[in-house]
Amino acid sequence: MLDAIRAAKEALTTEHLIQPRLRGGREALRVLLATRHGAVLASTAAINQLKALIVSAPDELRAELRKLNRPAQVAHCAQFRDRPAQDLEHRMTVRAMRSTAQRVQALQAEAKELENEILALVRQQAPELLGLLGVGPITAGQILVSWSHQGRFRSEAAFASFAGVAPIPASSGLTNRHRLNRSGDRQLNRAMHTITLIRMRLDLPTKTYVARKIAEGKTSRDAQRCLKRVICRQIFKILERTDPNECGNVENLLKQLDTTSQPRCHVGAGSRTDHRGGRTCVCPPAPVPRRQSVRSLSPSGTTHSG
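Everything in this summary refers to the structure shown in the same document. Every residue gets a number counted from 1 within its own chain, in the order that chain's sequence is written. Two thresholds apply to this predicted model, a pLDDT of at least 70 for residue-level local features and 80 or more for giving and counting side-chain atom pairs, whereas whole-chain, interface and lining totals are computed over all residues. The side-chain numbers reported here are obtained from all heavy atoms of the structure, hydrogens and water having been left aside.

Moving on: the packing of aromatic side chains. Classification of ring pairs uses Phe, Tyr and Trp, with its six-membered ring standing for Trp, and accepts pairs whose centres are within 6.5 Å; under 30 degrees between planes counts as stacked, over 60 as edge-to-face, and the remaining range as tilted. Taken as a whole and judged by the stated rule, the model has 3 aromatic pairs. Between Phe153 and Phe159, the ring centres sit 5.3 Å apart and the planes meet at 75 degrees, which makes this aromatic pair edge-to-face. Assigned by exposure class, Phe153 and Phe159 land together as buried. Linked through ring pairs, Phe153, Phe159, Phe162 and Phe236 together constitute an aromatic cluster. Across the ring face of Phe80, the terminal group of Arg83 is positioned such that the distance to the ring centre comes to 5.0 Å. Type-normalised accessible area, obtained with a 1.4 Å probe on protein chains alone, sets the label of each residue: buried when under 20%, exposed when over 50%, and partly exposed for intermediate values. Whether a charge sits over a ring comes down to the Lys NZ or Arg CZ being within 6 Å of the ring centre and within 35 degrees of the ring normal.

Now the structure itself:
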């Protein structure tokens, strides 16, 4: 009883209550992603089982499959026919290989079909995400599932904390550093990590940004965490339906992150929503100029200071 009262009091004093995730299109994406993930896991398990069968197969079968790569092995084993002239061990091994390879093909076809369904839903809900480098249908679907709808997160900083890409200060003495954030939605964090790895490999501005951070004394992991924060900001702006031309260029976002100038307070940029629905400025106050003496010449020719 006391815990319930304490929880109710904390909820009443919270400025921004957490909104539940929507159903509808978001729930449709979630069930498709979960089903595809199960099909991929089952396909991986079936491939491992097929490899084990090949390793322990008779010498004739191993020699037949040794020079083939994995997709070719699966396709070849799925087309095996019964071999009545061989002994019992050979015939049953062929039967097991054919069944396992056909199961792998069925699961891969199911995963591909589900991916096409996810792609169609993502194109309906947020086609701008698919235009970003490194964002595919699976990562875009996971981002939409975790984000849910507009207004759920009060700021892009809250979204970054939810995604687990906001580094946690871990400074001590003269050492100024941040550590990895292990909280938040781990599936969303995995999607952000995938996008980061692709951009670090293919995007030239991203490579330049990472090299500059490493030259400043950061480790490669610290530079990667900074990059994740930039990507999270870009994705959040697109999800909240801001100007796509303004937030779609990752090079501009990298420059904005490195700037050290004090931002000017605009509506919505340096403010937050209070419990009455109004806007409250949270920007640091501007420095007050010191009073200076002003000298003016009186009509009589004498000067005085005011």
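Structure's up, so let's keep going.
Now for the packing of helix α2 (residues 25–55) against helix α5 (residues 88–125). A packed helix pair is summarised by two numbers, namely the angle formed by the two axes and the spacing between the axes. Orientation of α2 relative to α5, taken along the N-to-C sense of each, is 155 degrees, at an axis distance of 8 Å. When the axes of α2 and α5 are compared, the pair comes out roughly antiparallel. Here the hand of the crossing between α2 and α5 comes out left-handed. Amino acids outside the nonpolar list (Ala, Val, Leu, Ile, Met, Phe, Trp, Tyr, Cys, Pro) and the charged list (Asp, Glu, Lys, Arg) are all regarded as polar, and Gly is one of them. Of the residues contributing to the contact of α2 with α5, the split by class is 22 nonpolar, 7 polar and 6 charged. Where helices are involved, their axes are fitted lines through C-alpha atoms of the stretch in contact, as for all axes, and angles between N-to-C directions lie from 0 to 180°. Strands are runs of DSSP state E lasting at least two residues, helices are runs of H or I lasting at least four, and both sets are numbered from the N terminus onward. In what follows, roughly perpendicular refers to angles from 65 to 115 degrees, roughly parallel to angles under 35, roughly antiparallel to angles over 145, and oblique to any angle outside these ranges. For any helix crossing, the convention is left-handed if the near helix is rotated counterclockwise from the far helix by under a right angle, and right-handed if that rotation is clockwise.

This part is about the side chain of Lys228. Residue position: Lys228 is located in helix α11 (residues 220–239). Under the convention used here, Asp and Glu are negative, Lys and Arg are positive, and both His and the chain ends fall outside the count. In the sections that follow, a salt bridge refers to a side-chain nitrogen of Lys or Arg positioned within 4 Å of a carboxyl oxygen of Asp or Glu. Summary of buried charges: Lys228 has no salt-bridge partner, and the nearest side chain of opposite charge, Asp222, is 11 Å away. Any pair of residues with heavy atoms lying within 4.5 Å of one another is described as a contacting pair. Residues contacting Lys228, with those up to four places away along its chain left out, are Val165, Asn189, His193 and Thr196.

Let's shift gears to the environment of Gln105. For Gln105, the location among the structural elements is in helix α5. Placed 59 residues apart in sequence, Gln105 and Ala46 show a C-alpha to C-alpha distance of 9.7 Å. Residues in contact with Gln105, not counting those within four places in the same chain, are Val74, Ala75 and Ala78.

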